[in-house]
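Close look at the chain arrangement
So the chains spell out like this:
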Amino acid sequence: MPRRTTLLTLLGLLVFAAQASAHERAPRGKELKRAEEVLSKLRRLEAAAASDSPRDFYNAARKLYPELFAAVSRLRDGDVKTDLATAAALYESALRAGGERADCARELREAYARLCVETGGERARLLRAKARLHAGWAKAGLLHARGAHDAPAHEALNLVRAERATDRALAEEALLELKELAAGSGAGRPDGAAPETLARKLEQLDRLLSSLPRDRPARLLREARDAFRDGLYWRLRAAPARALVVNVNAFDAAPYGSLPRLGLRADDAERAALANLRAALKFIRKAEEALRR
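Just so it is clear, the structure is predicted and the values come from calculations on it, not from any experiment.

1. Observations regarding the overall build of the protein
Along the backbone of the protein there are 12 helices and 0 strands. From first element to last, N terminus to C terminus, the protein shows the α and β order α-α-α-α-α-α-α-α-α-α-α-α. When burial is assessed residue by residue, the protein has 39% of its 293 residues classed as buried. Taking contacts inside the protein between residues at least 6 apart in sequence as the whole, the part at least 24 apart equals 70%. As displayed, the protein offers around 17400 Å² of accessible surface, 54% of which is attributable to carbon and sulfur atoms.

2. A short note on the packing of aromatic side chains
Scanning the model with the defined rule gives 2 aromatic pairs in all. Ring geometry for F57 and Y91: centres 6.2 Å apart, planes at 55°, overall tilted. Highlighted residues: F57 in helix α3 (residues 54–64) and Y91 in helix α5 (residues 79–95), separated in sequence by 34 residues. Just as F57 is buried, Y91 falls in that class too. Consider the rings of Y65 and F69, whose centres lie 5.1 Å apart with planes at 55°: the pair is tilted. Of the residues examined, Y65 reaches a relative accessible area of 14% and is grouped as buried. A relative accessible area of 33% means that F69 is categorised as partly exposed. Sitting over the ring of Y112, R109 keeps its end group 5.4 Å from the ring centre. Between R128 and the ring centre of F57, over which it is positioned, the NZ or CZ distance is 5.6 Å.

3. What to know about the state of the cysteines
Disulfides are covalent bonds that link the sulfur atoms of two cysteine residues. As enumerated under the stated definition, the model contains 1 disulfide in all. With its sulfur 2.0 Å from that of its partner, C104 forms a disulfide with C116. Taking the sign of the torsion about the S-S bond as the criterion, the disulfide between C104 and C116, at about -80°, is left-handed. Here C116 lies in helix α6 (residues 110–118) and C104 lies in the loop between α5 and α6, a separation of 12 residues in the sequence.

4. What to know about the side chain of K130
Assignment of secondary structure puts K130 in helix α7 (residues 123–145). Once residues lying within four places of it in the same chain are set aside, the contact partners of K130 are L90, E107, Y112 and L115.

5. Here's the deal with the packing of helix α2 (residues 29–49) against α3
Running from amino to carboxyl end, α2 crosses α3 at an angle of 160°, the nearest separation of the two axes being 7 Å. Taken as axis vectors, α2 and α3 run roughly antiparallel relative to one another. Crossing of α2 against α3: the hand is left-handed. Listed contacts from α3 to K41, R44, L45, A48 and A49 of α2 are D56, F57, A60, A61 and L64. The residue makeup of the contact of α2 with α3, split by class, is 7 nonpolar, no polar and 3 charged.

Rules of the game
Residues numbered from 1 in each chain as written. Predicted model: local features only at pLDDT ≥ 70, side-chain atom pairs only at ≥ 80, totals over all residues. Heavy atoms only, no water. Helix = DSSP H or I, 4+ residues; strand = E, 2+ residues; numbered from the N terminus. Buried < 20%, exposed > 50% of the residue type's maximum accessible area, 1.4 Å probe, protein only. Contact = heavy atoms within 4.5 Å. Areas by Shrake-Rupley, 256 points an atom, 1.4 Å probe, with all protein chains shown as cover. Phe/Tyr/Trp six-rings, centres within 6.5 Å; stacked < 30°, edge-to-face > 60°. Lys NZ or Arg CZ within 6 Å of the ring centre and 35° of its normal. Disulfide = S-S within 2.5 Å. Axes fitted to C-alpha atoms, helices over the stretch in contact; angles between N-to-C directions. Parallel < 35°, antiparallel > 145°, perpendicular 65-115°, else oblique. Left-handed = near helix turned anticlockwise from the far one by under 90°. Nonpolar A, V, L, I, M, F, W, Y, C, P; charged D, E, K, R; others polar.

Function cannot be inferred from these measures alone, as they are strictly geometric.
Quick look at the structure:
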């Protein structure tokens, strides 16, 4: 077989395999109905949020949560579940946003930055707009699963695929930041970088994580971030404890035969820091494996 024909055949097989893989991940049968039910509940939330009374949104959310999260968790992993889970989480966050203002300059995802400007930077409105965006992406996947193959359906699906590529790029950048944090922490040794420096890097990492959807790689990356943050907390607690100076006159005020309570043992704090930093390394490895798959 000529070389060019062989390459074209292999290319065709790869495209067919990718299409088949996407078809397998698309919800079908009962799974499709369950996903559509979740989307219907998200629409109810959006309708309540669009009313003149903020109380309507609150009341609608009280009826749907936390069962809405449970309904999403029962779905199979895939693009539709990712967007439904993200929309559900964003609507729930909007309930707690209050009158806070959003910093549009911190939005790394272009679609989010545009929504931030359109909503005037009001955090609750921005979160609901993000949720509505992800619900729309989930709808595109469900329409495709139902057999919609016209031009608008394909355009919507291509947009979702482009956003999934953005997801991966942001997740890989977050993974790189976490690896740098691991290197800077001296793999959990106390002779690593200063906790204040690592704390600043964690703040930069938060910008990336806030742009990611609620899928498994992003969940693992957030777990790694949380473990690092907890480890830094204990290292910061251990540092002043090691340098603590006790006034000998304090012994006079203590009951006979007892010592003054210092409230913190440096060794205990350091052990807690090391345990959290090691946990962060485990989550980093799991996130890297999830992204590789």
